[in-house]
Amino acid sequence: MSRDEVTRLEIGSDVQIAGARQAVRQAAVAAGFSLVEQTKIVTAASELARNTLVHGGGGHMELAVVENSGGHGIRLTFTDDGPGIPDVDVALSDGYSTGNGLGLGLGGARRLVQDFTIESRPGGGTTVTAVAWSRMAQRVPR
Amino acid sequence: MTAEAGAGRVSVLRMGDILIAAIQQELTDESALALQQDLTEMAAAGARGVVIEISGVEIVDSFLARVLSEIAAATNMLAGRTVVAGMRPSVAITLVEMGLGLRGLETARSLEDAMAVFRGQAGR
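Residues numbered from 1 in each chain as written. Chains lettered and ligands numbered in written order. Predicted model: local features only at pLDDT ≥ 70, side-chain atom pairs only at ≥ 80, totals over all residues. Heavy atoms only, no water.

As named in an unreviewed UniProt entry, chain B is Anti-anti-sigma factor, taken from Actinoallomurus iriomotensis.

As recorded by an unreviewed UniProt entry, chain A carries the name Anti-sigma regulatory factor and is attributed to Actinoallomurus iriomotensis.

Okay, structure coming up:
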């Protein structure tokens, strides 16, 4: 996948969350995502960027357009050096909230993409990776 | 929180005893909270209803959903109603997929439909 071009954006303020949404939208349009597919990945990006800011104390997002035999996808990686998530399964469950959302941020974002992984350990920061494919590529089993 | 107040601020119009806020662009979290405060204060000063027109909003995430729900809850307590008008189909599909209904929120397809809700109420 040498064609992957990675864009890195800082996530340190709510204005930068809005900037991250805009960058993801542009990438999704360029990757040929439908309007609904664009809306889903941009919404997921917004949830994850806010988590990075509010719970991770800020960090960065890496945005890449990726390819497989079926088509194009968007890969988003959010990294922070915050306190980490003590129990990832609990954090993914609906209604879990330590901040000011509806407690649906992580779990909601996971439902909007095809691949979703969290690496986190207490005191060691958090990395969340989310990948969404445009419909043409969705021969890949979920 | 950042200090870029002013940019992206949503203006609220008053038409009789109805408040109308049309969100025409992406909101930062801060401007969403500013709108919540403005609408709640103006509703407290006397309004029968609030219409939030969101046809210009490309995404509603759990933060904005919470802000909308809280505006509705506050106006309900102040003897008013909040109607969210003009949600894009792609936004509705995404909210449902996230498991995030806008519970307790009244919706209308357009600003015109939302205003008709209040006109109907006035006739009673």
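Visitor: Any chance you could explain the pairing of strand E4 (residues 81-85) of chain B here in plain terms?
Guide: For a regular strand, the rule is simple: side chains alternate between the two faces of the sheet. Residue and element names in this part refer to chain B. Taking burial as the measure, the five residues of E4 include four buried ones, the bulk of the element. In this view, the connection linking strand E3 (residues 49-53) to its parallel neighbour E4 by way of helix H2 (residues 62-77) has right-handed handedness. Relative to strand E5 (residues 106-108), E4 runs parallel, the two being bridged by three bridges. Bridge pairing links Val84 to Thr107 in E5. (Buried < 20%, exposed > 50% of the residue type's maximum accessible area, 1.4 Å probe, protein only. Helix = DSSP H or I, 4+ residues; strand = E, 2+ residues; numbered from the N terminus. Right-handed = clockwise from strand over helix to strand, strands pointing away. Pairing = 2+ DSSP bridges.)

Visitor: Help me out: how do you make sense of helix H3 (residues 89-98) of chain B in this one?
Guide: An α-helix turns once every 3.6 residues. As a result, residues three or four positions apart point the same way. For H3(B), the set of buried residues is B:Ser90, B:Val91, B:Thr94, B:Leu95 and B:Met98. The buried side chains of H3(B) occupy one side of the element, clustering within an arc of 135° when seen end-on. Within H3(B), the exposed residues directed more than 90 degrees away from the buried face are B:Pro89 and B:Val96. Against the buried residues of H3(B) lie helix H2 (35-54) and helix H4 (105-111) of chain A. Within two residues after H3(B), B:Gly99 carries a phi angle of roughly 85°, on the positive side. (Arc of directions from axis to C-beta. Contact = heavy atoms within 4.5 Å.)

Visitor: Just checking my understanding: could you explain the environment of B:Val67 for this structure?
Guide: Residues and elements named next belong to chain B. As for its position among the elements, Val67 is in helix H2. With relative accessibility at 1%, the residue Val67 sits in the buried group. Val67 sits 30 residues away from Gln37 along the chain, and the two C-alpha atoms are 10.0 Å apart. In this structure Val67 touches Ala32, Leu33 and Gln36, once residues within four positions along its chain are discounted.

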